[in-house]
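Coordinates in review
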There are 2 protein chains.
Amino acid sequence: MENWLDAIRWMPDGLVPVITQDADSNDVLMFAWMNQESLEKTMAGGEAVYWSRSREKLWHKGEESGHIQKVVEIRLDCDEDVILLKVVQTGGIACHTGRRSCFYRKLIDSHWAAIEPVLKNPAEIYHT
Amino acid sequence: MENWLDAIRWMPDGLVPVITQDADSNDVLMFAWMNQESLEKTMAGGEAVYWSRSREKLWHKGEESGHIQKVVEIRLDCDEDVILLKVVQTGGIACHTGRRSCFYRKLIDSHWAAIEPVLKNPAEIYHT
């Protein structure tokens, strides 16, 4: 039987796009990337581990903020090139701006309006 | 005021990733790409128009299948580089396999199991 990791069509740079969705509300929380190692760690540990393209290293989501994502489901799309995670979001905050979801801006009258509240001040989340 | 299209951080190839979600169930239906022209057309016409990377042309979703996506919301993420569409999916089928969603495979015991039913035979959808 084919290894489940080999079924994924990784991009030439070894990454795959990942959509992360709240397991209860089904709201899309964020979009990120994984390499094979991060997906293996996500599967093995049950917590979302991404690949940070900006920092070029593994990113255990919540490692600084405490906003860990407990993985409920891992899904793959019809083209085998996009992963969907369903997670329980610790703290109810996925976005580094302190909002529930990264998709907090809605197009209204040709303007991107921030329509979701900041639940926690980022300075308090990251202690920077 | 900045043009809403200029607020988006397009990739070097002029594309932006797009997550498409069912406006009622919040289920993620598919993942695709847009260039500026496709996003303008989506906004203006109220129906999802993507950029097909394989065919290298605009792709008015449903143009062949009839499975048009009526756009309810357009959202942008915190990094301004991912679009989220909330849509009403005509026919209740977004996937070319005849399923509701493209994310129909779930990782179960290290195996990608197809857990959503085929609602319509693709041969009947595309008349090929």
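Above this text you will find the structure in question.
Attention in this report is confined to the structure presented alongside it. It should be emphasised that the depicted structure is a prediction, and the values quoted were computed from it without experimental measurement.

Our focus in this paragraph is the sheet that holds strand E8 (residues 111-114) of chain B. Spatial ordering of the open sheet is given by E2(A)-E1(A)-E6(A)-E5(A)-E7(B)-E8(B), a layout of 6 strands whose pairing is mixed. Among the strands making up the open sheet, the edge pair consists of strand E2 (28-34) of chain A together with E8 of chain B. Along the sheet, successive strands turn relative to each other by an average axial angle of 35°, direction set aside. Both strand E5 (residues 69-76) of chain A and strand E6 (residues 83-89) of chain A contribute to a ladder of 7 bridges, which runs antiparallel. By the bridge assignment for E6 of chain A, Leu 76 of chain A is matched with Ile 83 of chain A.

Our next topic: the side chain of Gln 69 of chain B. Residue and element names in this part refer to chain B. For Gln 69, the position within the fold is in strand E5 (residues 69-76). On the basis of relative accessible area, Gln 69 is assigned to the buried category, the value being 0%. There is a polar contact of 2.7 Å between the side chain of Gln 69 and the side chain of Tyr 50. When sequence neighbours within four positions are dropped, the list of residues in contact with Gln 69 reads Thr 20, Met 30, Gly 46, Glu 47, Ala 48, Tyr 50, Lys 61, Val 87, Val 88, Gln 89 and Ala 94.

How each quantity is defined
- Residues numbered from 1 in each chain as written.
- Chains lettered and ligands numbered in written order.
- Predicted model: local features only at pLDDT ≥ 70, side-chain atom pairs only at ≥ 80, totals over all residues.
- Heavy atoms only, no water.
- Pairing = 2+ DSSP bridges.
- Helix = DSSP H or I, 4+ residues; strand = E, 2+ residues; numbered from the N terminus.
- Axes fitted to C-alpha atoms, helices over the stretch in contact; angles between N-to-C directions.
- Buried < 20%, exposed > 50% of the residue type's maximum accessible area, 1.4 Å probe, protein only.
- Polar contact = N/O pair within 3.5 Å; in protein donor to acceptor, adjacent residues only side chain to side chain.
- Contact = heavy atoms within 4.5 Å.

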